[in-house]
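Residues per chain are reported as follows:
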Number of protein chains: 2
Amino acid sequence: MTHTAWLDALSRQLGPQGLWRPGVEADAAQLHAHEVDWRGRYHGRALALARPASVAEVVTVVQACAAQGVAIVPQGGNTSLVGGSVPDGSGQQLVLNLQRLNQVISIDAANLSMVVQSGCLLSQVQAAAQTEGLLFPLSLASEGSCTIGGNLASNAGGTQVLRYGTARALCLGLQVVTPQGQVLDGLSALRKDNTGYDLRDLYIGSEGTLGIITAASLRLHPQPRGVATALLACEDLSQAVALLQMAHHHLDAGLTAFEVMARGPLALVQQHQAPAAAALSPLLDPRGAPPEWVVLIENTSCESDAHAQERLQLLLTQAMTLNLTQGVVVATQTRQRQQMWQLREGIPQAEKCEGLMVKHDIGMPTSEIPRFVTEVGQALQARWPQSQVVCFGHLGDGNLHYNVQPPADARQGLALEDFERAVNTLVFDAVERCQGTLSAEHGIGQLRREELAQRASPVALQMMQAIKKAIDPAGLMNPGRVLR
Amino acid sequence: MTHTAWLDALSRQLGPQGLWRPGVEADAAQLHAHEVDWRGRYHGRALALARPASVAEVVTVVQACAAQGVAIVPQGGNTSLVGGSVPDGSGQQLVLNLQRLNQVISIDAANLSMVVQSGCLLSQVQAAAQTEGLLFPLSLASEGSCTIGGNLASNAGGTQVLRYGTARALCLGLQVVTPQGQVLDGLSALRKDNTGYDLRDLYIGSEGTLGIITAASLRLHPQPRGVATALLACEDLSQAVALLQMAHHHLDAGLTAFEVMARGPLALVQQHQAPAAAALSPLLDPRGAPPEWVVLIENTSCESDAHAQERLQLLLTQAMTLNLTQGVVVATQTRQRQQMWQLREGIPQAEKCEGLMVKHDIGMPTSEIPRFVTEVGQALQARWPQSQVVCFGHLGDGNLHYNVQPPADARQGLALEDFERAVNTLVFDAVERCQGTLSAEHGIGQLRREELAQRASPVALQMMQAIKKAIDPAGLMNPGRVLR
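Let us look at the structure shown here. Along each chain, residues carry numbers from 1 onward, in the same order as the chain's sequence is written. Each chain is given a letter, starting from A, and each ligand a number, starting from 1, according to the order in which they appear as written. At least 70 in pLDDT is required for a residue's local features to be given in this predicted model, at least 80 for side-chain atom pairs to be given and counted, and no such filter applies to totals for whole chains, interfaces and linings, which use all residues. Just so you know, side-chain values use all the structure's heavy atoms and leave hydrogens and water out.

**Things to note about empty space enclosed by the protein**
1) Next: Every definition here rests on a 1 Å grid over the protein atoms only: cavities are sets of points where a 1.4 Å probe fits but cannot get out, pockets are open sets enclosed by protein on both sides within 12 Å along at least five of seven lines, and lining residues have some atom within 4 Å of a point. Grid points are joined across faces, edges and corners, and a volume is the space filled by probe spheres set on the points. Inspection of every chain in the model, using the stated rule, returns 7 cavities of 30 Å³ or more.
2) Next: If you add up the space inside the largest cavity, you get close to 340 Å³.
3) Next: In terms of lining residues, the largest cavity is bounded by 24 residues, among which Gly-254 and Cys-302 of chain A together with Leu-251, Gly-254 and Cys-302 of chain B are the most central.
4) Next: Put simply, Ala, Val, Leu, Ile, Met, Phe, Trp, Tyr, Cys and Pro go in the nonpolar bin, Asp, Glu, Lys and Arg in the charged bin, and everything else, Gly too, in the polar bin. Each residue belonging to the lining of the largest cavity can be placed in one class, and the counts come to 6 nonpolar, 10 polar and 8 charged.
5) Next: Along the walls of the second largest cavity sit Ala-110, Asn-111, Leu-112 and Arg-191 of chain A together with Leu-244, His-248, Thr-366 and Gly-396 of chain B, which together make up its complete lining.
6) Next: Among the residues forming the lining of the second largest cavity, the class breakdown is 3 nonpolar, 4 polar and 1 charged.

**Description of the interface of chain A and chain B**
1) Next: Residues are treated as being in contact if the distance between any of their heavy atoms lies within 4.5 Å. Facing the 84 residues of chain A at the interface are 84 residues of chain B.
2) Next: Here the quantity called buried area is the total loss of accessible area, with a 1.4 Å probe, experienced by two parts when brought into contact, counted for both. Both faces considered, chain A and chain B share a buried interface measuring about 6,700 Å² in area, 59% of it formed by carbon and sulfur atoms.
3) Next: The largest contributions to the chain A side of the interface with chain B come from Lys-192, Asn-194 and Tyr-197 of chain A, which together make up 15% of the buried area.
4) Next: We define a salt bridge as a contact between a side-chain nitrogen of Lys or Arg and a carboxyl oxygen of Asp or Glu at a distance within 4 Å. The tally of links from chain A across to chain B stands at 12 salt bridges.
5) Next: The salt bridge involving Arg-311 of chain B is made with Glu-303 of chain A; its shortest N-O contact spans 3.4 Å.
6) Next: Polar contact criterion, stated in full: a pair of N or O atoms within 3.5 Å, where within protein one must be able to donate a hydrogen and the other to accept it, and residues adjacent in sequence count only if both atoms are side-chain atoms. Linking chain A with chain B are 36 residue pairs in polar contact (both at pLDDT 80 or more).
7) Next: Put simply, DSSP marks the helices as runs of H or I at least four residues long and the strands as runs of E at least two long, and each gets a number from the N terminus on. Mapped onto the side of chain A that touches chain B, the elements with two or more residues apiece are helix H6 (161–164), strand E9 (183–186), helix H7 (199–203), helix H8 (237–251), helix H10 (305–321) and helix H15 (458–471) of chain A.
8) Next: Per-element accounting of the side of chain A that touches chain B gives the leading share, 10 residues, to H15 of chain A.

**With respect to the sheet that holds strand E2 (residues 46–50) of chain A**
Residue and element names in this part refer to chain A.
1) Next: Between any two strands, at least two bridges found by DSSP are needed for them to pair. Strands sit in the order E1-E2-E4-E3 across an open sheet of 4 strands; the sheet is mixed. Unpaired on one side and paired on the other, strand E1 (19–20) and strand E3 (72–75) mark the two borders of the sheet.
2) Next: Across 2 bridges, the pairing between E1 and E2 is antiparallel. By the bridge assignment for E2, Leu-19 is matched with Ala-50.
3) Next: Throughout, an axis means a line fitted to C-alpha atoms (over the contacting stretch in the case of helices), and angles, computed between N-to-C directions, take values from 0 to 180 degrees. Along the sheet, helix H3 (residues 55–68) contacts E2, E3 and strand E4 (93–97); its crossing angle with E4, the most-contacted strand, is approximately 170°.

The structure is reproduced here in structure tokens:
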């Protein structure tokens, strides 16, 4: 069958809302949002956009694609930072968008769990839990537009991993449509289940290359009754790492965030997002410059705000006594707390104003981070004295966003490509020496596929390929993502 | 090559401590402990016992077995409760025991992680963490004889899952020898790593059927500074479930244990283990009978014993006000706390004095548990009025040990087999209706293999078989365990 005839047949099954063919149900502008990635780095072209409204319709699409040999690119909110959710430029890949599967199916407050369809927005899942007085703690910048299915497919991280874990730790079970169009029904709400291989965790983080997540059973937590937030100035990262270790022992599970920001990104926020820099003012030096490093720490309590504050204060006092910080601001009101987070969240926006950055989402044991930042900073400075490092991230998880702004003469074309390649080599070589990872939370997608192929253990890669072949022998599920 | 010649060659490589051939390096009695399971249910016969002392020697053994087509049964402390670590009766399977790989390799206190070889005893791992002022929280009855490799291969649970998760949640990375004798080196100490499929979680819980765990990178926690423990009497399980829900909200991560014990097992402890029943005395009725249900609850604090007590007291007061408990005892001294745990841990010993039980390690959403226990109890009573139910377990995880003592006329031979089969059908049918699991923490091994094959989703089973075939195409790794 020609693809055109095949699409016509599929259209008759799914209806005009269920399948958008280019130039038929949708024009180029409508499809564009589904063909270009969030960072604007990958511009693809879809054979068509499937928009199933039920699991049965997902099965219909997948079975039709299997029969016709059409590759599928699963898509949630299309917020991937690694080009994981847009088609290639061939015009031969079908984008299967899940946003019409957007129902919260059930909440079991006694079991601290809920079941949702995969196209629910993350913010919608958070809100549904909140209406029952419960917390779904996954929290990240794109929460208003990303879907829970995408969060699970990419094992999303965010700002509360330190306490609650990544998406994987928040998922109890999955419903998946396999590459053969069968429904793998694993919507278990169990905290313990040792009946065979862990298919759930295999699908989490597989980025749509093994099948399509259609629903998930999620783990909920009690809502904390109190929260306390503070900013701390540090002279160097070793102080911040020592603070983190102390915070673990003093606050234990109360410690929900431990973010770090270098002077560079803080100055960018001052420059481009002045209102977001408000929280910083008590820590500025007489000339208005930020400290070398600022830590954002957050403590929650199941008792009260006062208890959260009191425990945090004790920690800060001890940190000052031990000379682990050169300045402290504690938020005593919600507004101050929000300002502290605006500072942290203002960084990516401020970065954008500076133009292109070579970005890295790296991780390593926290004990290795000070050495890494010193050594790589020196190496970059030596080779490209005009480059600027923008370093910030989730120190509590050992995860840094380590971005490098090219010098003026390397900001476009081939010079930029060369610069990016050379910086990546320098950064990832250092990450390897620190036994770190080249993707802590963003995943592999297209962006890191070649680096994974070059740097991962050959035994691991061979095993991943064997699993991919066993589950998706025709290679139709998000081909070219994660693995070559 | 004959097996005898092959064993001779292997013996030259491993030396007399590295390979015990029956009647050569070891007599029948020495091999016996490695051929019979802990419950004494499976009596196998090993071709030989390999005792490698290094990863290189594990590779030697696995490659030799692959070349000769000899099946391998990996073994740690041989404490499996499902016959997962003993050979079959053919005398053709090689037992590969890992207890000589027993080194704690490193502890990184700043990163809250440690690396250990898989043959370390669980108690040895706990002790090593403790010397650094840290906690490895996995805790279970056999901790003095089970190995961390076995804990990970079976995704062990235990008494602190409520707060810290199962073995899976406590593992950051694995080193594995694959069925082809390659070393998969994933000893990462990272909290976030999104570089491809989750091979770690695939190996955890695979019960030695995909390869051999030789080392693990483990997640450590701060040691709590305070602990408070109490026993509560409840009239029915609905009260206990309501208490659990309240405890989550009041204590959040402080809640480290929520165990439940029915009158039946408590009476057995009184009868057979009188000293272990000491903690129960304040809750006995005038005739000396235990309450219908007793809950053991434990709260920890990163502050102090006093803080742990105070928070627990507040909860207990509210529980009494709401009439959710008919009696409370709080441990104010370490000795009282130990007695409460002796009561809980005395149950399996007391059970043994009663002779054979048909045992189940089931799980379900906690919200389903009261209905399950009522309905199944009634059904058993109706069909076998002389049978006795012994029900206790980790209510906080939705995990019950639901054991049934046969009536006198069904305690041996064919009558016992018929009884066991009928009870299993009744119990597992009810578990299925409650969307539960037939193995919450013990795994599948040989004991539950047929039930898994009959009851698991065919799509899931097919996928597990495909993964097994992709990773172990020759089928030499612990054959007949987990999957048919």
